[in-house]
Amino acid sequence: MSHRWRSLAGDAEAKEELAPPDVVEARYFAVLAVIAAGIWVMVSGGVLLGLLVAAGGLVWGVIMSRELAETVVARNRWAHEVICLTCLHRWVP
């Protein structure tokens, strides 16, 4: 599939249809910053609020990690897809 997509002209109709899936950008620095802010709030005296912020950062990190893994799997699947040039049926051998 990737070979066929690269061989298409830039203005071809099928260029968008056969394009690779987008990969989500991981923003782990932001997640770490939220967790650090939660720890700072806990140390400053707002234990319950700090725990809530830190837990929110952890949940956000887990969700982001899963989204990134799903997009990497989708990109790998796309890279291994084969396309029939007659009927445009796509499959993974």
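Note: the structure precedes this text.
This one's a predicted model, so the numbers in the text were calculated from it and none came from an experiment. (Residues numbered from 1 in each chain as written. Predicted model: local features only at pLDDT ≥ 70, side-chain atom pairs only at ≥ 80, totals over all residues. Heavy atoms only, no water.)

Chemist: Describe the overall build of the protein, and please don't skip the residues or the numbers.
Modeler: Helix and strand counts for the protein come out as four helices and two strands. Listed N to C, the secondary structure of the protein is α-α-α-α-β-β in terms of helices and strands. Taken over the C-alpha trace, the protein has a radius of gyration of 21 Å; the compact-globule value for 93 residues is 12 Å, which it surpasses by more than 25%. By principal-axis analysis of the C-alpha atoms, the protein measures approximately 65 × 30 × 15 Å. For the protein, with 93 residues in total, the buried portion stands at 20%. Across the protein, every contact between residues at least 6 apart in sequence was considered, and the portion connecting residues at least 24 apart equals 50%. Surface accessibility of the protein: about 6800 Å² in total, with carbon and sulfur atoms responsible for 65%. Across the protein, 8 positive and 9 negative side-chain charges occur, with their mean positions spaced 6 Å apart. (Helix = DSSP H or I, 4+ residues; strand = E, 2+ residues; numbered from the N terminus. Rg over C-alpha atoms; globule rule 2.2 N^0.38 Å. Buried < 20%, exposed > 50% of the residue type's maximum accessible area, 1.4 Å probe, protein only. Contact = heavy atoms within 4.5 Å. Areas by Shrake-Rupley, 256 points an atom, 1.4 Å probe, with all protein chains shown as cover. Lys, Arg positive; Asp, Glu negative; His and termini not counted. Charge placed at Lys NZ, Arg CZ, Asp CG, Glu CD.)

Chemist: Let's hear about the packing of helix α3 (residues 28–44) against helix α4 (residues 47–80): which residues, and what values?
Modeler: In contact at an axis separation of 7 Å, α3 and α4 are set at 165° when each is read in the N-to-C sense. By the criterion of interaxial angle, the relationship of α3 to α4 is roughly antiparallel. Between α3 and α4 the crossing geometry is left-handed. (Axes fitted to C-alpha atoms, helices over the stretch in contact; angles between N-to-C directions. Parallel < 35°, antiparallel > 145°, perpendicular 65-115°, else oblique. Left-handed = near helix turned anticlockwise from the far one by under 90°.)

Chemist: Outline α3, supporting the account with residue identities and numerical values.
Modeler: The end-to-end C-alpha separation of α3 is 24 Å, in line with the 24 Å expected for 17 residues at 1.5 Å each. Regarding α3, the residues found buried are V31, I35, G38 and V41. Summarising the axial view, the buried residues of α3 lie within an arc of 120°, below the 170-degree limit, and thus occupy one face. Of the exposed residues in α3, those oriented more than 90 degrees away from the buried face are F29, L32, W40 and V43. On its buried side, α3 packs onto α4. Directly beyond the C-terminal end of α3, a positive phi value near 130° is found at G45. (Expected span 1.5 Å × (residues − 1). Arc of directions from axis to C-beta.)

Chemist: Got a sec to walk through the pattern of salt bridges? Specific residues and values, please.
Modeler: For the structure on display, the rule yields two salt bridges. The salt bridge involving R90 is made with E81; its shortest N-O contact spans 3.4 Å. The buried category is assigned to E81, whose relative accessible area is 7%. Salt bridges sharing partners connect three or more residues here, namely R77, E81 and R90. (Salt bridge = Lys/Arg side-chain N within 4 Å of Asp/Glu carboxyl O.)

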